[in-house]
Amino acid sequence: MSRNGKVQSLSTVTITGRTDRAQMTIPEHWSAEDIRDEIELLSVLKGKDGVFAPNLVVTLNAHDGSMAEFLSSAVGNISQTLTEVRFIDITLWNPGGALPGQTPALDGRAVTYTHVSPASGEVLRTTDWLFIENGLAVQATGTTAAPDWMALGPELEQIASSLVLAEDAGTAGAPVRTELPEGALDELASGELGAPVESISGIGRTQTFDYAGAWVHASAIALLDEMAEGFRIGRINADSYRDQLAELESAGLAQGTKLTDTGEYARLHLDEPDASFRISAAGSGGAMYYQAWLYGPTALVTAGTGYHTQVGLQADEAPSRDHVNVRIFPITELAREMASWLGVGPAWPLPALPAGLPAERFEQRWAGNTEIPGTANPVLAALWEQDWFTWELSAQGPEGEIDPVAYLNGGPLGHYRLGSEDGRTWLMPTPSVYLYDQLDDLIAATIYGRPARLR
């Protein structure tokens, strides 16, 4: 069996699967590979040695269950077989560009997530495009290094969308079961969408933030910032900064009154940043912040208690409200870390209506008045009862500031973009995958001094 079929155009090639049950169209600069019996199709975009090669893998397996069962199996397998998985979103998707129909249970799904290569420690981004046809569960898995997804993700989706099964693949006309497993129904989303859909928000709510750095008092970070600007500590004034120096020493940033090599490297992030970011958030625990300063290939980050801690889904590890968690890591991980701190995860984007309410009504809600607005639809009523977490991201780069973006994390309802106009506050449901892409785009725009493309 030849893997290189007929040439469809000057720029694409149709390739046939190992068992002749599937075909897909790939750009001519991609190549077909054959590595394992369980893989029907594999296409790779080869590059330099030592650089992760973007790829798309297709598997076919007999399946007589529902899409919800297929999705649950796929998510479980992803969690068990990959390293440090963080799910971004689950959305409706169909091959060939077909729009979702009136019965979501018959539609495909796109599962988007990040994970870490156990070989290189590199953060990877993946989407699994799933659909059921002729009694076969079709899974097309596209993966790139995290920074490459914005450029190559659309190309991978186009390849996945070109997948077609042979007429004799599986059992022609085999029905897809539409009933949901017990306990899987999302009643609110099903009511709004007009058809039963499975609950997906619980996945993200278990993805707690990893406070892997050292807890340092904010006053010690302020001292480090002053030292970055040239402030020196000698024997005469050392006693005045004893507590702060002890905090920096416990974090490995100082020894006595001098910065360690790590401290000096951290100082460069504060003194000569290539770009900086600040997330100002507010929740039931008060104000909190996530700040990042970029220098060369790394980011210095100070993170207060984030979403999961604020809403009681994660234990509070901070010694006090004035402590922040300090880490230095590659900037390629920054969007993933921000999204984790903000609690970005799978959720059905449902309109909360009316979308605009008087600003004072929101101020009253923050002040403790949880009485649901009389004109609220079921989504806004449910949102009003959540433990609110609002945040705003601002950025400063070599070409100046980028306009901030603001959101409300509505817990199981996902994120809503916040806007203000004519004394009204507006709530716009935002798919989690778009929000993650927006973080990625804002980081790149700030670093490279270009306009943000996703607003």
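Residues numbered from 1 in each chain as written. Predicted model: local features only at pLDDT ≥ 70, side-chain atom pairs only at ≥ 80, totals over all residues. Heavy atoms only, no water.

**Student:** I'd like to hear about the sheet that holds strand β20 (residues 400-409), residue by residue, with values.
**Tutor:** Reading across from one edge, β11-β17-β16-β15-β14-β19-β20-β21-β22-β18 is the order of the 10 strands in this open sheet, with antiparallel pairing throughout. On the outer flanks of this sheet lie β11 (214-217) and β18 (356-358), each paired with one strand and no other. Looking at each pair of strands side by side, their axes are set apart by 25° on average, direction ignored. Sheet topology places strand β14 (residues 275-283) next to strand β19 (residues 389-397); 7 bridges connect them, and they run antiparallel. Bridge pairing links isoleucine 279 to leucine 393 in β19. (Pairing = 2+ DSSP bridges. Helix = DSSP H or I, 4+ residues; strand = E, 2+ residues; numbered from the N terminus. Axes fitted to C-alpha atoms, helices over the stretch in contact; angles between N-to-C directions.)

**Student:** Now, about the pattern of salt bridges: what can you tell me, with residues and values included?
**Tutor:** Enumeration according to the criterion identifies 17 salt bridges in this entry. A salt bridge links aspartate 37 to arginine 18, with the shortest nitrogen-to-oxygen separation between them at 3.2 Å. In this pair, aspartate 37 sits in the loop between β3 (31-33) and β4 (41-44) while arginine 18 sits in the loop between β1 (12-16) and β2 (22-27), placing the two residues 19 residues apart along the sequence. Notably, a salt bridge pairs glutamate 264 with arginine 267, separated by 2.8 Å at the nearest N-O pair. Linking glutamate 264 with arginine 267, this pair stays in helix α7 (residues 261-271), spanning 3 residues, or about one helical turn. Overall, the relative accessible area of 18% leaves arginine 267 in the buried class. Taken together, the salt bridges that share partners define one network made up of Arg18, Asp34 and Asp37. (Salt bridge = Lys/Arg side-chain N within 4 Å of Asp/Glu carboxyl O. Buried < 20%, exposed > 50% of the residue type's maximum accessible area, 1.4 Å probe, protein only.)

**Student:** I'd love a proper account of the sheet that holds strand β9 (residues 136-145), names of residues and values included.
**Tutor:** As summarised here, the arrangement of the 7 strands in space is β3-β4-β5-β9-β8-β7-β6, forming an open sheet in which the pairing is antiparallel. What marks the edges here is a single partner per strand, and that holds for β3 and β6 (86-93). Neighbour-to-neighbour, the strand axes of this sheet turn through a mean angle of 20°, independent of strand direction. By the bridge criterion, 4 bridges tie β4 to strand β5 (residues 55-62) in an arrangement that is antiparallel. Its bridge partner being in β5, valine 44 is matched across the sheet by asparagine 55. Docked against the sheet, helix α1 (residues 67-81) engages β6, β7 (108-116), β8 (123-133) and β9, running at close to 155° with respect to β8. The sheet strands contacting helix α2 (residues 149-161) are β5, β6, β8 and β9, and the helix crosses β9 at an angle near 160°. (Contact = heavy atoms within 4.5 Å.)

**Student:** Any chance you could break down the packing of helix α5 (residues 218-228) against α7 for me, citing the residues and the numbers?
**Tutor:** The geometry of α5 relative to α7 is characterised by a closest axis approach of 8 Å and an angle of 75° between their N-to-C directions. Classified by the angle their axes make, α5 and α7 are roughly perpendicular. Contacts between α5 and α7 involve Leu224, Asp225, Met227 and Ala228 from the first element and Gly263, Ala266, Arg267, Leu270 and Asp271 from the second. Each residue belonging to the contact of α5 with α7 can be placed in one class, and the counts come to 5 nonpolar, 1 polar and 3 charged. (Parallel < 35°, antiparallel > 145°, perpendicular 65-115°, else oblique. Nonpolar A, V, L, I, M, F, W, Y, C, P; charged D, E, K, R; others polar.)

**Student:** Just give me the short version of α1, but keep the residues and values in it.
**Tutor:** Between the first and last C-alpha of α1 there are 21 Å, a value that for 15 residues agrees with the 21 Å anticipated at 1.5 Å per step. For α1, every residue scored as buried is listed here: Met67, Ala68, Phe70, Leu71, Ala74, Val75 and Ile78. Looking down the long axis of α1, one finds its buried residues gathered within 160° of arc, a one-sided arrangement. Exposed residues on α1 whose side chains face more than 90 degrees from its buried face are Ser72, Gln80 and Thr81. Looking at the buried positions of α1, the neighbouring elements they touch are β6, β7, β8, β9 and α4 (201-205). (Expected span 1.5 Å × (residues − 1). Arc of directions from axis to C-beta.)

**Student:** Tell me what's going on with the layout of surface pockets, and back it up with residues and numbers.
**Tutor:** There is about 910 Å³ of room inside the largest pocket. Around the largest pocket sit 33 residues that line it, and Arg36, Val57, Thr81, Leu82 and Thr141 are the ones nearest its centre. Listed by contribution, the elements that provide at least two residues to the lining of the largest pocket are β5, α1, β7, β8 and β9. No other element matches α1, which puts 6 residues into the lining of the largest pocket. Size it by volume and the second largest pocket reaches roughly 450 Å³. The wall of the second largest pocket is formed by 19 residues, among which Pro147, Asp440, Ile443, Ala444 and Tyr448 lie closest to the centre. Per-element tally for the lining of the second largest pocket: the top contributor is helix α12 (residues 432-448), with 7 residues. (1 Å grid on protein atoms, 1.4 Å probe; cavity = no way out; pocket = protein on both sides within 12 Å on 5 of 7 lines; lining within 4 Å. Points joined across faces, edges and corners; volume = space filled by probe spheres on them.)

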